[in-house]
Every structure is written in structure tokens, then in C-alpha cells.
Amino acid sequence: MNQKKQEVIEEQGEKKSAKQMVKECEEYILKNLENINLSVNEAAAYCHLSPIYLNRIFKKENGISISQYIIREKMLLAAKLLKEDALTANMVALKVGYPSYPHFSSTFKKYYGCSPKQFKEEE
């Protein structure tokens, strides 16, 4: 009986806090920005949590939803690639997980207020 109590304590000791789960989710997202299937559902599956619960704790920890975080990180990477690399805007779209250039361009324009090509030409 004493041994069972000890196993429960050890199992509880290995449980992760909400902050740790969010950090793990963030790391997964950052490593998979080029994945066209990257989504709240995929991140939740990776973290072994329900999408609703993960989104709730993610938003509580970061102040934004997971989907907003994914878009923000993809757009930050896209901007960096457009400025630093000799890649075309279409190639950048593929590198940040947008197989459809029009969808990438539309999202980029909403985020930065200009098209990827205009952004690239600014510098």
C-alpha cells in the first residue's frame, strides 16, 4: 500500500505545469513553421491535449490564441527570409508553410500592410 502511494506521488511529480505545456507547444510550432499542416489540432495532438484546453492555457499564458501565434511566427519568419535571403516571395511562401502563394500574400498583406514583393523591395 505504501508503494502505491509513492508511485502516485512520483507520477504527479512528472506532470507538467500549464506553463511547461505552453512552452513545449511553442517549441513544436517554431520547429514546424514550414509544415503546411501546422495547426492548433496538430500542436494539441503533439502535446497530448485537447485543442480547446491547449488553446485556453496558451491564451492565458501568452495573451494570444495558438492560431494567432502560428500566423505571427510564420509572418516574422517570412519577413526575415524576404529581407535576408535571395528567395522569391513564392519560395518564401513555401518555406513558411503556405503552398498557395495567393493565400500567403493575402495573410502577409493583412499582417504587414503591403504585399510580400513590396516588402522585399523596400530595402
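Please refer to the structure placed before this passage.
Not measured: the values here are computed from a predicted model. (Residues numbered from 1 in each chain as written. Predicted model: local features only at pLDDT ≥ 70, side-chain atom pairs only at ≥ 80, totals over all residues. Heavy atoms only, no water.)

As for the packing of aromatic side chains
- Tallied over the entire structure, the rule returns nine aromatic pairs.
- On the basis of an interplanar angle of 80 degrees and a centroid distance of 5.3 Å, the ring pair of phenylalanine 108 and phenylalanine 119 is categorised as edge-to-face. Pair noted here: phenylalanine 108 is in helix 7 (residues 101-112) and phenylalanine 119 is in helix 8 (residues 116-121), with a separation of 11 residues, a long-range link. Grouping residues by exposure puts phenylalanine 108 and phenylalanine 119 together as buried.
- Note on tyrosine 111 and tyrosine 112: the rings are 4.9 Å apart at their centroids and 70 degrees apart in plane angle, and the pair reads as edge-to-face.
- For tyrosine 112, a relative accessible area of 27% gives the class partly exposed.
- Aromatic rings pair up to connect Tyr98, Tyr101, Phe104, Phe108, Tyr111, Tyr112 and Phe119 into one cluster. (Phe/Tyr/Trp six-rings, centres within 6.5 Å; stacked < 30°, edge-to-face > 60°. Helix = DSSP H or I, 4+ residues; strand = E, 2+ residues; numbered from the N terminus. Buried < 20%, exposed > 50% of the residue type's maximum accessible area, 1.4 Å probe, protein only.)

Side note on the packing of helix 2 (residues 18-31) against helix 3 (residues 40-47)
- The N-to-C vectors of helix 2 and helix 3 enclose an angle of 125 degrees; their axes lie 10 Å apart at closest approach. Judged on the interaxial angle alone, helix 3 and helix 2 are oblique. With respect to the hand of their crossing, helix 2 and helix 3 are arranged in right-handed fashion. Here helix 2 contributes Met21, Glu24, Cys25, Tyr28 and Ile29 to the contact with helix 3, which in turn contributes Glu42, Ala43, Tyr46 and Cys47.
- When its residues are assigned to classes, the contact of helix 2 with helix 3 shows seven nonpolar, no polar and two charged. (Axes fitted to C-alpha atoms, helices over the stretch in contact; angles between N-to-C directions. Parallel < 35°, antiparallel > 145°, perpendicular 65-115°, else oblique. Left-handed = near helix turned anticlockwise from the far one by under 90°. Contact = heavy atoms within 4.5 Å. Nonpolar A, V, L, I, M, F, W, Y, C, P; charged D, E, K, R; others polar.)

Overview of a nonpolar patch on the surface
- Residues Ile71, Leu76 and Tyr111 make up a contiguous nonpolar surface patch of about 250 Å² in total accessible area.
- Topologically, tyrosine 111 is positioned in helix 7. (Patch = residues over 30% accessible without salt bridge, like charges linked within 9 Å, V, L, I, M, F, W, Y side chains within 5 Å. Areas by Shrake-Rupley, 256 points an atom, 1.4 Å probe, with all protein chains shown as cover. Salt bridge = Lys/Arg side-chain N within 4 Å of Asp/Glu carboxyl O.)

Observations regarding helix 7
- Under the 1.5 Å per step criterion, the end-to-end length of helix 7 is 16 Å for 12 residues, consistent within 8% with the ideal 16 Å.
- Those residues of helix 7 hidden inside the fold are in contact with helix 5 (66-84), helix 6 (89-95) and helix 8.
- Looking one or two places after helix 7, you find glycine 113, whose phi comes out positive at around 80 degrees. (Expected span 1.5 Å × (residues − 1).)

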